[in-house]
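Fold and geometry: a report
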Amino acid sequence: YLRIADGFFMTKQYFLAEKYYNKAIQYNLFDTDYAIYNRSKALGLIGEFALKLELLIQLKDEYPTSGYYDNTLADLAQYYKNTMKNDIALKYYHDLLLITKDEKLILDARLSMGIIYFNSNKVEEAIQEFLFIVNNHQNTKYFKEGLSGIQSAYTSLGRIDEYLAIVDKLPE
């Protein structure tokens, strides 16, 4: 069932993919964590967010050693960020940062945390998240977003000179 589901997923037939991932989960023969994770992806693509959330929580709780665990935490954090449950989102981002070595997940988490903090008027915390990206990951796609976040944060505080000092220290 997994390969059939994957085929449907790759051809953007998400309703059918979800159905076959579900069958693979029910049989529970092998790669159940893979089936759960990909079913959650398919459900998100067809707008079934409540069921997607249930599956992500199941995966988090039942498969803590899964290769999909880091992505599961990231997806949970993103879900809660998108539904404006920022405290829960921040918890999942913090949990993710404690365990992952994946640079993309780390930078996505830091950027998202910065945005949540900024939008929650916790500007100093936002600056710290954006600075982490700008100071440590200048050759990534996240750099410009981090720099933009710093600019917005310092502008909102009326501390443009501090932003300009950061920009001046950046390599050409």
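A brief report on the enclosed structure follows. (Residues numbered from 1 in each chain as written. Predicted model: local features only at pLDDT ≥ 70, side-chain atom pairs only at ≥ 80, totals over all residues. Heavy atoms only, no water.)

1. Some points on the layout of surface pockets
As a volume, the largest pocket reaches approximately 200 Å³. Forming the walls of the largest pocket are Asn71, Ala74, Asp75, Gln78, Tyr93, Leu96, Lys104, Leu105, Asp108, Ala109, Leu111 and Ser112. The biggest single contributor to the lining of the largest pocket is helix H7 (residues 103-119), with six residues. Looking at side-chain class alone, the lining of the largest pocket contains six nonpolar, three polar and three charged residues. (1 Å grid on protein atoms, 1.4 Å probe; cavity = no way out; pocket = protein on both sides within 12 Å on 5 of 7 lines; lining within 4 Å. Points joined across faces, edges and corners; volume = space filled by probe spheres on them. Helix = DSSP H or I, 4+ residues; strand = E, 2+ residues; numbered from the N terminus. Nonpolar A, V, L, I, M, F, W, Y, C, P; charged D, E, K, R; others polar.)

2. Considering the packing of helix H3 (residues 32-45) against helix H4 (residues 49-62)
As a packed pair, H3 and H4 sit with axes 8 Å apart at the nearest point and diverge in direction by 160°. Between H3 and H4, the angle is such that the two are roughly antiparallel. In the crossing of H3 with H4, the sense of the turn from one axis to the other is left-handed. In this structure, H3 contributes Asp33, Ile36, Tyr37, Arg39, Ser40, Leu43 and Gly44 to the contact, and H4 contributes Phe49, Leu51, Lys52, Leu55, Leu56, Gln58 and Leu59. Looking at side-chain class alone, the contact of H3 with H4 contains eight nonpolar, three polar and three charged residues. (Axes fitted to C-alpha atoms, helices over the stretch in contact; angles between N-to-C directions. Parallel < 35°, antiparallel > 145°, perpendicular 65-115°, else oblique. Left-handed = near helix turned anticlockwise from the far one by under 90°. Contact = heavy atoms within 4.5 Å.)

3. Thoughts on the packing of aromatic side chains
Enumeration over the complete set of coordinates arrives at ten aromatic pairs. Look at Phe9 and Tyr14: their rings are 5.2 Å apart centre to centre, the planes differ by 70°, and that puts the pair in the edge-to-face class. The pair Phe9 / Tyr14 is uniform in exposure class, with both members buried. Pairing Tyr37 with Tyr68 gives two aromatic rings, centres 5.6 Å apart and planes at 20°, and the pair type is stacked. Remark: Tyr68 occurs in the loop between H4 and helix H5 (69-82) and Tyr37 occurs in helix H3; sequence separation between them is 31 residues. Of the residues examined, Tyr37 reaches a relative accessible area of 6% and is grouped as buried. An aromatic cluster is defined as three or more aromatic residues linked by ring pairs; in this entry it consists of Phe9, Tyr14, Tyr21, Tyr34, Tyr37 and Tyr68. The lysine or arginine in question, Lys91, covers the ring of Tyr92, its NZ or CZ lying 4.8 Å from the ring centre. (Phe/Tyr/Trp six-rings, centres within 6.5 Å; stacked < 30°, edge-to-face > 60°. Buried < 20%, exposed > 50% of the residue type's maximum accessible area, 1.4 Å probe, protein only. Lys NZ or Arg CZ within 6 Å of the ring centre and 35° of its normal.)

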